[in-house]
Amino acid sequence: MNYQLFVASAPGMEDITAREITGLGLARDDAAETVPGGVEFSGDLETVYRANLWLRTASRVLVRLSTFYATDFAGLRTKASRLPWERYLRPGQPVAIRATCHQSRLYHSDAVIERVLGAIGDRLSATVTLDAATDAEEAEQPAQLVVVRLFKNRCTVSVDSSGALLHRRGYRLATAKAPLRETLAAGLVLAAGWDRRAPLLDPFCGSGTIPIEAALWARNIAPGKARNFAFMAWPDFALAVWEATLAAAIAAERPDAPPILASDRDAGAIRAAQSNAARAGVADDIAFTCQAVSAIAPPPGPGWIVANPPYGVRVSENKDLRNLYAQFGNVLRAHCPRWRVTFLCSDLALVRQTRLSVETSRVWTNGGLRVRVAQGVIRS
Ligand SMILES: C[S@@+](CC[C@H](N)C(=O)[O-])C[C@H]1O[C@@H](n2cnc3c(N)ncnc32)[C@H](O)[C@@H]1O
């Protein structure tokens, strides 16, 4: 069977996700279409499994069931009741439905949800209940997420194959201040263009997300190998296909990574980072040190600096941060000439404080805040 897939990724990261998709051979270059908020392509059941298992920057993988015109509620219910819900829902399984309506006659999302819920019940000849809990770790029988999008009277209905968002790899149980989402950390390492041979250093590592994602990528460890996915609860879940996909992933892991160094001045953050790295299976691949950025001692390079330095939201923090960014720039010029640097920052004035020659055209959002990806080569 051929599945139409929509891989959702954070705004501004779609091109990176598209490169991952084609790089993994999930779709040919000309068959993966980048659209706002994600990437569209198609594939078989194994592609659905591999996309969930392997994509480092995706937030979820949706399977598109159908797109049809809907200008009245009766028509919406009839058309939605023709979709093959029995392939994605077990008897008695609750559903979570998310609906958005734009420039459409049907503009009341709650009413759309009610009709789609009714349509699922019509198809399954059963009463289906709504439930918001889609995460297998939080609910005994997690709800299957259904996504309905009405745009200019065209209704697209999709089911989620991921379950908990894909950034939840399972390793980051210990957190420090302002942790970065795993998908953004992976995106930063990919955007940096790290060659996975030269050293990589994060001098503001916090709970370790950037070096851990770097180590997972360097060792070709599938980010989803330790978690469950919504597709595992589908009635036609092909256990043998999944087991073969997972076994192939494990067989493709590499034993070593190049030097990955991570430091932070906060001892609690370093402890959290070390336990997260151990859970991710990469503790031996990362050298953690508790030290201020002023004390970094990079190995012979050049290599890559990839970091998420603190950026404040309170004005009172600005003076300290300006000093910290100026120091960051000075330290890099002194110790890392010709290294490449990639860092996230919400404030261009702080980026300028580094006096590094960086370009900042890439914009992402982190925790609702617009952030820039600053990238360049360090000149002494
Ligand atoms: C935004 S957080 C990094 C979060 C990290 N990427 C994660 O995913 O957990 C910034 C980190 O910089 C550290 N930090 C602040 N000033 C520092 C300094 N002068 N030297 C080293 N680390 C510093 C903080 O302790 C904090 O952990």
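Cut-offs applied
- Residues numbered from 1 in each chain as written.
- Predicted model: local features only at pLDDT ≥ 70, side-chain atom pairs only at ≥ 80, totals over all residues.
- Heavy atoms only, no water.
- Salt bridge = Lys/Arg side-chain N within 4 Å of Asp/Glu carboxyl O.
- Helix = DSSP H or I, 4+ residues; strand = E, 2+ residues; numbered from the N terminus.
- Buried < 20%, exposed > 50% of the residue type's maximum accessible area, 1.4 Å probe, protein only.
- Pairing = 2+ DSSP bridges.
- Axes fitted to C-alpha atoms, helices over the stretch in contact; angles between N-to-C directions.
- Near = heavy atom within 4 Å.
- Polar contact = N/O pair within 3.5 Å; in protein donor to acceptor, adjacent residues only side chain to side chain.
- 1 Å grid on protein atoms, 1.4 Å probe; cavity = no way out; pocket = protein on both sides within 12 Å on 5 of 7 lines; lining within 4 Å.
- Sits in = over half its atoms within 2 Å of the grid points.
- Domains from an automatic or database assignment.
- Contact = heavy atoms within 4.5 Å.
- Buried area = accessible area lost by both parts, 1.4 Å probe.
- Points joined across faces, edges and corners; volume = space filled by probe spheres on them.

Peer 1: Sorry if this is basic, but what is going on with the pattern of salt bridges here?
Peer 2: Two side chains carrying opposite charge are able to pair once their charged atoms lie near each other. As enumerated under the stated definition, the model contains 12 salt bridges in all. Residue Asp15 is joined to Arg19 by a salt bridge in which the shortest nitrogen-to-oxygen separation is 3.9 Å. With Asp15 and Arg19 both in helix α1 (residues 14–23) and four residues apart, this pair spans about one turn of that helix. Among the residues examined, Arg19 registers a relative accessible area of 49% and is labelled partly exposed. Between Arg123 and Glu86 there is a salt bridge, with the nearest N and O atoms lying 2.7 Å from each other. One end of the pair, Arg123, is in helix α4 (residues 109–124); the other, Glu86, is in the loop between α3 (73–80) and β5 (95–102), with 37 residues separating them in the sequence. Residue class for Arg123 comes out partly exposed when judged on its relative accessible area of 34%. Exposure remark for Glu86: the relative accessible area of 35% places this residue in the partly exposed category. Each of Asp15, Arg19 and Arg362 takes part in one network of salt bridges that share partners.

Peer 1: Before we go on, may I ask you to explain the sheet that holds strand β11 (residues 304–307) in this structure?
Peer 2: The strands making up a sheet associate through hydrogen bonds between their backbones, and the pairing can be parallel or antiparallel. Spatially, the seven strands line up as an open sheet ordered β10-β9-β8-β11-β12-β14-β13, and their pairing is mixed. Among the strands making up the open sheet, the edge pair consists of β10 (286–290) and β13 (358–366). Pairwise comparison of adjacent strand axes, ignoring direction, gives a mean angle of 20° for this sheet.

Peer 1: Looking at this model, I keep getting lost on the site of the ligand. Mind explaining?
Peer 2: Not every one of the 19 residues close to the ligand is listed here, only the nearest: Leu180, Ser207, Thr209, Asp264 and Val293. Val293 places a main-chain nitrogen or oxygen 2.9 Å from a nitrogen atom of the ligand. In the model, a nitrogen atom of the ligand is placed 3.0 Å from a nitrogen or oxygen of the Asn308 side chain. Its atoms largely coinciding with the cavity grid, the ligand occupies the largest pocket.

Peer 1: Could you clarify how one ought to interpret the domain arrangement of the chain in this entry?
Peer 2: Frequently, the measure chosen for interface size is the accessible area removed from exposure when the parts meet. What the domain assignment lists for the chain is domain 1 (3–160) and domain 2 (182–221 + 255–377). Put simply, the middle of domain 1 and the middle of domain 2, counted by C-alpha atoms, are 35 Å apart. With 11 residues of domain 1 at the interface, the matching set in domain 2 holds 15 residues. Buried area between domain 1 and domain 2, summed over both chains or domains, comes out near 990 Å², and the portion from carbon and sulfur atoms is 58%. Three residues, Met13, Ile16 and Arg56, lead the burial of domain 1 against domain 2; their summed loss comes to 55% of the area buried on that side. In this structure, the connection of domain 1 to domain 2 is made through one salt bridge. Close ionic contact of Asp15 with Arg362 constitutes a salt bridge, the shortest N to O distance being 2.8 Å.

Peer 1: Even after reading the chapter, I still don't get the layout of surface pockets, so can you show me in this structure?
Peer 2: Gaps left between atoms are located by rolling a probe of water-molecule size over the structure's atoms. In this structure, the largest pocket occupies an estimated 1000 Å³ of space. Looking at the largest pocket, it is lined by 34 residues, and the ones nearest its centre are Lys177, Arg265, Pro309, Pro310 and Tyr311. Put simply, the parts of the chain that give the lining of the largest pocket at least two residues each are α6 (209–218) and α9 (318–335). When residues in the lining of the largest pocket are grouped by element, the largest group, four residues, is from α9.

Peer 1: Would you mind showing me how to read the environment of Ala252 here?
Peer 2: Mapped onto the elements of the fold, Ala252 is located in the loop between α7 (239–251) and β9 (260–264). Along the sequence, Ala252 and Ala222 sit 30 residues apart, while their C-alpha atoms lie 9.2 Å from each other.

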